Amino acid sequence: MNVILEHLTKKFPSRNKKQPQDVVAVNDFSLEIPDGKLIALLGPSGCGKSTTLNLLSGLLKPTSGRIFFGEDDVTDLPAEHRGVGLVFQNYALYPHLTVKQNITFPLENRKGKDKLTKQQMAEKALEAARLVQIENLMDRKPSELSGGQQQRVAIARALVKMPRILLLDEPLSNLDARLRLQTREEIRRIQRSTGITTVFVTHDQEEAMSISDQIVVMKDGVIQQTGAPQEVYDSPANLFVAKFLGNPPINVFDAQVKNQTLYIGEEGVLPVPSVEDQSVTAAIRPEGFLPKADGALTCNFSSVEIMGRDISVVSTHPCSQNATIRAIISGETPVTTGKTVRFDLKKNKVFLFSKEDGARIFF
């Protein structure tokens, strides 16, 4: 089921008497989600990603714009008739019901030709439980389950009615790091095996990049960039996207372009053909540094952090907007250090942005 959002806007009335204008949570949001794909809505808290999900589910009505599931306009359709499965951040399981009863609950309200017998509901519940690998926990109560198991029950409950669209609202936030990794792999496996179009909301860029077919980076209710995870990482549309994606974060410098050469401080560090002379913001991925005794960029050496197969060379520079500069280097690469450390730069890992609005400057 492909999903189309056309110029979707959601405004909330202001509660601030001094600033009575409406709060715009989602602003002219247009997106097409291909059938059977997993899309991640990614952005910081307050960017409008959960509001967008609630508009998709029918829990909120848009101020303007339309929502289509396939050929069907569902903008004014109540949530219970949209055929969506929704998984909440806090699981939202019924504590007095068993796992089996929690999973079958969405099926019990069916009426008419869609009404199921108890046997049919039990079979569907078992099928959903097997999909998330909790079929041996059917008689337990939620209080007897771990956080990861509770999340699987919530996913099984959303899947049992075979929804047209599966919506996941930060489903991994309450899990520890190892369990979060395991569960996100399970979500990807389940999504691929069912082929259900899925929208996954998260503020964690590592989660979004690892399991999604496409990411939608949001800020202040507006789409900043849409694309395959690696494409967005390799070619950010603006400074916000460049800074939001990547761990360790991208290294940002105040810089100048003079005579088609990028200068950081007094050092010409990279040719930038066709770029006019101007002040710019230069951003360099941590893996974009090449340690070299006579490298173009000189930084003040701080320390070396051992990361296993890689090392992180930590340094500072007067023009850096980051407190420290982190260069990720292969553990097999020799690094000459003293009071300073010098680098050449990989051209494809250096990005230039306008000082005025953060827009990308290509070279």
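Residues numbered from 1 in each chain as written. Predicted model: local features only at pLDDT ≥ 70, side-chain atom pairs only at ≥ 80, totals over all residues. Heavy atoms only, no water.

Q: Give me the lowdown on the nonpolar core, citing residues and values where you can.
A: Counting 33 residues, the largest nonpolar core has Ile103, Ile134 and Ile187 as its most contacted members. It is helix H4 (residues 147-159) that provides the largest number of residues to this core, a total of six residues. Leaving out residues up to four positions away in the same chain, Ile103 has contacts with Ala125, Ala128, Ala129, Ile134, Met138, Val153, Ala156, Arg157 and Val160. One finds Leu262, Leu270, Val280 and Ile361 within the second-largest nonpolar core, a separate group that totals 28 residues. (Core = buried A, V, L, I, M, F, W, Y, C linked by side-chain atoms within 4.5 Å. Buried < 20%, exposed > 50% of the residue type's maximum accessible area, 1.4 Å probe, protein only. Helix = DSSP H or I, 4+ residues; strand = E, 2+ residues; numbered from the N terminus. Contact = heavy atoms within 4.5 Å.)

Q: So what about the packing of aromatic side chains? Which residues, and what values?
A: Here a ring pair, both rings aromatic, is described through the centre-centre distance and the interplanar angle of the planes. Counted under the stated rule, the structure contains three aromatic pairs. Arranged with centres 5.7 Å apart and planes meeting at 20 degrees, the rings of Phe240 and Phe244 form a pair that is stacked. Pair noted here: Phe240 and Phe244 are both in helix H8 (residues 239-244), with a separation of four residues, about one helical turn. Each member of the pair, Phe240 together with Phe244, is buried. Directly above the aromatic system of Phe12 lies the positively charged group of Lys10, at a separation of 5.2 Å from the ring centroid. Its end group placed over the ring of Tyr263, Lys258 keeps NZ or CZ at 5.4 Å from the ring centre. (Phe/Tyr/Trp six-rings, centres within 6.5 Å; stacked < 30°, edge-to-face > 60°. Lys NZ or Arg CZ within 6 Å of the ring centre and 35° of its normal.)

Q: Before we move on, could you go through unusual backbone geometry and cite the residues and values that matter?
A: Going from Asn247 to Pro248, the amide bond is cis rather than trans, its omega being 0 degrees. Counting through the fold element by element, Pro248 comes out in the loop between H8 and strand E11 (251-258). Here the phi dihedral of Asp220 falls at roughly 55 degrees; this positive angle occurs in a residue that is not glycine. When you line up the elements, Asp220 lands in the loop between strand E9 (214-219) and strand E10 (222-227). What makes Asp220 exposed here is its relative accessible area of 54%.

Q: Quick rundown of the pattern of salt bridges? Include the residues and the values.
A: Overall, the coordinates contain 16 salt bridges when judged by the stated rule. The partner of Glu186 in a salt bridge is Arg189, with the nearest N and O atoms 2.7 Å apart. Of this pair, Glu186 and Arg189 both sit in helix H5 (residues 177-194), three residues apart, which is roughly one turn of the helix. We note a salt bridge from Asp344 to Lys292, for which the minimum N-O separation is 3.4 Å. Pair noted here: Asp344 is in strand E19 (residues 340-345) and Lys292 is in the loop between strand E15 (289-291) and strand E16 (297-306), with a separation of 52 residues, a long-range link. Residue classification places Asp344 among the partly exposed residues on the basis of a relative accessible area of 21%. Residue Lys292 is classed as partly exposed on the basis of its relative accessible area of 43%. When salt bridges with common partners are traced through the structure, they connect Lys61, Arg66, Asp73 and Asp76 into a single cluster. (Salt bridge = Lys/Arg side-chain N within 4 Å of Asp/Glu carboxyl O.)

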